[in-house]
Amino acid sequence: MSGILQELAAARVAGNPVGITSVCTAHPVVLRAAIRRAKMTGRHVLIEATCNQVNHLGGYTGLTPSDFVGLVLGIANEEGLDQNLIIFGGDHLGPNPWKKEPAEDALQKARIMVEAYVAAGFTKIHIDTSMGCAGEPAALDDMMIANRAADICRTAEAAALKAGIAPPVYILGTEVPVPGGADHVLDSVEPTSPQAARTTIEIHREIFEKAGLADAFDRVIAFVVQPGVEFGSENVIVYDPPKAVELAKVLDDHDGLVFEAHSTDYQPEYALTSLVRDGFAILKVGPGVTFEFREAVYALDMIASEIVPGYGTRPLASVMEKLMVDFPDDWKGHYHGDDMALRIQRHYSYSDRIRYYWNRPEALSAVQNLVAALDGRVIPEPLLRQFLPEYTSLSTSSAEDILIKAVDAVLAVYDRATTAGRA
């Protein structure tokens, strides 16, 4: 199933660059939208879970890797998608969830986590050991990162052998943007320097070979670099191809590799298309799709407030506000300003820290209440024009279908951008 990923570099070399969207989420509506799109196009869908979101201890979703696979395959079965079209990826796999602990303790937990990912059927493994642990610098040097990556890779290889399955393909790299976007307004983002990219590749190659992992390094399909894209709480830095020309040329010396671009959320279609053209073939998106879900579900909350007797005034938004105020850990260090600024960011920030709350029982109940309130109701076209102007033709659609349609609008942009060079 991961064979399609190994064809990305060959397509670039052949002059027909194509890419693939990496949908990084555990949100059921987003997953269903991604699976429906794969069913419609007949193309592979790459679905990724992150180390904080899903791990052997449950992560913030409460899901283990096998639970996550079960969730996705259950939706795929309901939608009639051939399971062979699903590629499972693990994102930022390393010590990050436990970086406040001593390094060896954090790395041991990372090893167990990676073993669980591979055993569950994840065939694309992004190893991220770039962060320091307790008592270490926040950012580590390439040599230490590569040695720790080889350590994690050895565990993944052994897990595949133990399970009797094909070993995974790998993503490596040290220029890893902050998961989920920056926590401040950005003026600019500089691309990774070409020399830094070359050094990172060569140091990892050397360390992996010394560790007896040359075969595994041959299955490294991409390195994570910074092409110059990012989003903060209130703004987006759009890809500027001339700034990344020299970085893109690094791939000319590495025919078997492409680059993986993180934090591509909110990029316009022309920028995503340019990224793929320039060799950034794997485009990660996460907050950008759950942000679209939040926009649509809040719009439906306002619509229900207008047309459903007894529904109340935006009860779903009220539930989410109470949840985030009562349990601030997932946003407090990321949002800044006075009370009004914090309230706006809690609900509307591009960083979309609200995504950490959708799986809480109170939020699930509020969404279910909204869907039930609108069930069987025709939404007057003028109300759709007011709150969801893109979907005025969906007045008789269910709330769930409107939500999926909204998420799919984002995925469709990525779909077009990643297939623009298809011969």
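Residues numbered from 1 in each chain as written. Predicted model: local features only at pLDDT ≥ 70, side-chain atom pairs only at ≥ 80, totals over all residues. Heavy atoms only, no water.

Draft legend 1. Geometry of the nonpolar core. Ranked by internal contacts, the top residues of the largest apolar core, which has 119 residues, are Phe 68, Phe 280, Leu 300, Leu 316, Met 320, Trp 358 and Leu 388. Ranked by residue count, the leading element in this core is helix 16 (residues 399-419), at 10 residues. When near neighbours in sequence (up to four residues on either side) are disregarded, Leu 316 contacts Val 297, Tyr 298, Asp 301, Tyr 311, Trp 358, Ala 366, Val 367 and Leu 370. Of all hydrophobic cores here, the second largest spans 16 residues; its members include Leu 8, Ala 9, Val 18 and Ile 221. (Core = buried A, V, L, I, M, F, W, Y, C linked by side-chain atoms within 4.5 Å. Buried < 20%, exposed > 50% of the residue type's maximum accessible area, 1.4 Å probe, protein only. Helix = DSSP H or I, 4+ residues; strand = E, 2+ residues; numbered from the N terminus. Contact = heavy atoms within 4.5 Å.)

Draft legend 2. Just the packing of aromatic side chains, in detail. Following the criterion strictly, the structure yields 16 aromatic pairs and no others. Both rings, one in Tyr 60 and one in Tyr 356, keep their centres 4.4 Å apart while their planes meet at 55°; by these two values the pair is tilted. In this pair, Tyr 60 sits in the loop between strand 2 (45-50) and helix 4 (65-79) while Tyr 356 sits in the loop between helix 13 (339-348) and helix 14 (361-374), placing the two residues 296 residues apart along the sequence. Aromatic ring contacts, followed pair by pair, group Phe 68, Phe 88, Tyr 117 and Phe 122 into a single cluster. Across from the ring centre of Trp 331, 5.0 Å away, lies the NZ or CZ of Arg 346, which sits over that ring. One Lys or Arg, Arg 360, reaches over the ring of Phe 327 and ends 4.4 Å from the middle of that ring. (Phe/Tyr/Trp six-rings, centres within 6.5 Å; stacked < 30°, edge-to-face > 60°. Lys NZ or Arg CZ within 6 Å of the ring centre and 35° of its normal.)

Draft legend 3. The pairing of strand 2, seen in detail. Counting buried positions along strand 2 yields 6 of 6 residues, so the element is predominantly enclosed. The side-chain alternation of strand 2 yields two buried faces, one formed by Val 45, Ile 47 and Ala 49 and the other by Leu 46, Glu 48 and Thr 50. By the bridge criterion, 3 bridges tie strand 1 (residues 20-24) to strand 2 in an arrangement that is parallel. The partner of Cys 24 across the bridge, within strand 2, is Glu 48. Regarding topology, helix 3 (residues 28-41) serves as the crossover connection from strand 1 to the parallel strand 2, and that connection is right-handed. Pairing geometry for strand 2 and strand 3 (residues 86-93), over 6 bridges, is parallel. The residue bridging Val 45 from the neighbouring strand is Ile 86, located in strand 3. Taken together, strand 2, helix 4 and strand 3 constitute a β-α-β crossover, and its handedness is right-handed. (Pairing = 2+ DSSP bridges. Right-handed = clockwise from strand over helix to strand, strands pointing away.)

Draft legend 4. View of the environment of Phe 231. By the element assignment, Phe 231 lies in strand 7 (residues 230-231). We classify Phe 231 as buried; its relative accessible area is 1%. Residues Phe 231 and Thr 155, 76 residues apart in the sequence, show an inter-C-alpha distance of 33 Å.

Draft legend 5. Representation of helix 16 in the model. Counted at 1.5 Å a residue, the expected span for helix 16 with its 21 residues is 30 Å, and the 30 Å between its end C-alpha atoms agrees. At Ala 409, helix 16 is bent by approximately 25°, the largest bend along its length. Among the 21 residues of helix 16, 15 are classified as buried, and the element is accordingly described as predominantly covered. (Expected span 1.5 Å × (residues − 1). Bend = angle between axes of the 7 residues up to and from the residue.)

Draft legend 6. Seen up close, a nonpolar patch on the surface. Taken together, the side chains of Met 340, Ile 344 and Tyr 348 define a hydrophobic patch exposed on the protein surface, amounting to about 290 Å² of accessible area. On the secondary structure map, Ile 344 appears in helix 13. (Patch = residues over 30% accessible without salt bridge, like charges linked within 9 Å, V, L, I, M, F, W, Y side chains within 5 Å. Areas by Shrake-Rupley, 256 points an atom, 1.4 Å probe, with all protein chains shown as cover. Salt bridge = Lys/Arg side-chain N within 4 Å of Asp/Glu carboxyl O.)

Draft legend 7. Region of the structure containing the sheet that holds strand 1. Strand order in the closed barrel made by the 8 strands is 1-2-3-4-5-6-9-10, with parallel pairing throughout. Going across the sheet, the axis of each strand differs from the next one's by a mean of 25°, ignoring polarity. (Axes fitted to C-alpha atoms, helices over the stretch in contact; angles between N-to-C directions.)

Draft legend 8. How the structure looks around the packing of helix 10 (residues 269-277) against helix 16. In contact at an axis separation of 8 Å, helix 10 and helix 16 are set at 35° when each is read in the N-to-C sense. Along this stretch, helix 10 crosses helix 16, giving a crossing that reads as right-handed. For the pair helix 10 and helix 16, contact is made by Glu 269, Leu 272, Thr 273 and Val 276 and by Val 413, Tyr 414, Arg 416, Ala 417 and Thr 418, respectively. Taken together, the residues that form the contact of helix 10 with helix 16 break down as 5 nonpolar, 2 polar and 2 charged. (Left-handed = near helix turned anticlockwise from the far one by under 90°. Nonpolar A, V, L, I, M, F, W, Y, C, P; charged D, E, K, R; others polar.)

Draft legend 9. Up close: the environment of Tyr 266. Counting through the fold element by element, Tyr 266 comes out in the loop between strand 9 (258-261) and helix 10. Residue classification places Tyr 266 among the partly exposed residues on the basis of a relative accessible area of 21%. When the C-alpha atoms of Tyr 266 and Glu 230 are compared, they prove to be 8.9 Å apart, with 36 residues separating the residues in sequence. One polar contact links the side chain of Tyr 266 to the main-chain carbonyl oxygen of Pro 287, over a distance of 3.4 Å. (Polar contact = N/O pair within 3.5 Å; in protein donor to acceptor, adjacent residues only side chain to side chain.)

Draft legend 10. Here's a closer look at the environment of Met 40. Within the secondary structure layout, Met 40 lies in helix 3. For Met 40, a relative accessible area of 57% gives the class exposed. Once the C-alpha coordinates of Met 40 and Asn 84 are considered, the two residues, 44 residues apart in sequence, prove to be 15 Å apart.

Draft legend 11. Region of the structure containing the pairing of strand 10 (residues 280-285). With respect to burial, strand 10 is a largely interior element, 6 of its 6 residues being buried. Pairing geometry for strand 1 and strand 10, over 4 bridges, is parallel. Looking across to strand 10, one finds that Ile 20 is bridged to Ile 282. The pairing of strand 9 with strand 10 spans 3 bridges and is classified as parallel. Counted as the bridge partner of Ala 261 is Leu 283 from strand 10. Running through helix 10, the crossover from strand 9 to the neighbouring parallel element strand 10 is right-handed.

Draft legend 12. Representation of the side chain of Glu 48 in the model. Its location among the elements puts Glu 48 in strand 2. The contacts of Glu 48, once residues within four sequence positions are left out, are Ser 22, Val 23, Cys 24, Thr 25, Gln 53, Phe 68, Gly 89, Gly 90, Asp 91, Lys 124 and Lys 284.

Draft legend 13. Spatial organisation of unusual backbone geometry. Of note in the backbone geometry, His 92 takes a positive phi value of approximately 60° without being a glycine. Here His 92 shows up in strand 3. Judged by relative accessible area, which is 4%, His 92 ranks as buried. At Ser 263, a position not held by glycine, the phi torsion is positive, near 55°. Relative to the assigned elements, Ser 263 resides in the loop between strand 9 and helix 10. The class of Ser 263 is buried, set by a relative accessible area of 8%.

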